[in-house]
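# Coordinates in review
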Amino acid sequence: MSQREAKSHDAKLPAGLDAPVFAEPWQAEAFAMTVALHDKGLFSWSEWADALSAEVKKPGAASDGHDYYEHWLAALENLLSAKGVAGKGDVDALAAAWERAAHATPHGKPILLENDPSPTEGRGRPTEGLGSPPFCSLYVPPSA
């Protein structure tokens, strides 16, 4: 394709294609984590589609879809639990650890799980048993 044809082709793209795909960084991380876990063979795409569809169809879903990635994350958590990778309690403990680490991290510094001032007592770090990144790198801020 010539440069001229490329410019002509670009001009025909629908409006809004240059807009961000994800509203928040955690949404991109959840998306990437899902792809990575599928690539590792944890679940098939049909299993993923069934899990996500079940979440999106639950009562209370926003008609404008603004909560789509919250459903995405819930579907991923449910699959992790169903596959025996991490139960809801494990995911909740990890999210709480990230939140504590975020509050304990000075402004402008990277948030690291090691900054968690009070790791789960008696159970070791909340990431134990949850595998390696990207799972351990997901932090979802609490809803406002």
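Please refer to the structure higher up on the page.
Small disclaimer: the values here were computed from a predicted structure and weren't measured.

Let us look at the overall build of the chain. When helices and strands are counted, the chain shows 5 helices and 0 strands. Per-residue burial for the chain yields a buried fraction of 26% across its 144 residues. Considering only intrachain contacts with a sequence separation of at least 6, the fraction spanning at least 24 residues in the chain is 54%.

Moving on: helix α3 (residues 45-56). For α3, spanning 12 residues, the distance from its first C-alpha to its last is 16 Å, which sits close to the expected 16 Å at 1.5 Å a residue. Among the residues of α3, W48, A51, L52 and E55 are the ones counted as buried. Projected down its long axis, α3 carries its buried residues within an arc of 95°, all on one side. Buried residues along α3 sit in contact with α2 (25-39) and α4 (68-82).

This part is about α4. Here α4 spans 21 Å end to end across 15 residues, near enough to the 21 Å set by a 1.5 Å rise per residue. For α4, every residue scored as buried is listed here: Y69, H71, W72, L73, A75, L76, L79 and L80. Backbone geometry just downstream of α4 places G84 in the positive-phi region, at approximately 75°.

Here we take up the pattern of salt bridges. Tallied over the entire structure, the rule returns 4 salt bridges. We note a salt bridge from K83 to E47, for which the minimum N-O separation is 2.7 Å. Of this pair, K83 sits in the loop between α4 and α5 (88-104) while E47 sits in helix α3; the two residues are 36 residues apart in sequence, bridging distant segments of the chain. Residue K83 is classed as partly exposed on the basis of its relative accessible area, which comes to 35%. Between E55 and K58 there is a salt bridge; the shortest N-O distance is 3.1 Å.

Now for the packing of aromatic side chains. Under the counting rule described, the total for this entry stands at 8 aromatic pairs. Here F22 and F31 contribute two aromatic rings whose centre-to-centre distance is 5.7 Å and whose plane-to-plane angle is 55°, an arrangement assigned as tilted. Pairwise contacts between aromatic rings join F22, F31, F43, W48, Y68, Y69 and W72 into one cluster.

A word on the environment of T34. Positionally, T34 belongs in helix α2. By relative accessible area, which is 1% here, T34 ends up buried. Along the primary structure T34 and A75 are separated by 41 residues, whereas in three dimensions their C-alpha atoms are 9.8 Å apart.

About the cut-offs
Residues numbered from 1 in each chain as written. Predicted model: local features only at pLDDT ≥ 70, side-chain atom pairs only at ≥ 80, totals over all residues. Heavy atoms only, no water. Helix = DSSP H or I, 4+ residues; strand = E, 2+ residues; numbered from the N terminus. Buried < 20%, exposed > 50% of the residue type's maximum accessible area, 1.4 Å probe, protein only. Contact = heavy atoms within 4.5 Å. Expected span 1.5 Å × (residues − 1). Arc of directions from axis to C-beta. Salt bridge = Lys/Arg side-chain N within 4 Å of Asp/Glu carboxyl O. Phe/Tyr/Trp six-rings, centres within 6.5 Å; stacked < 30°, edge-to-face > 60°.

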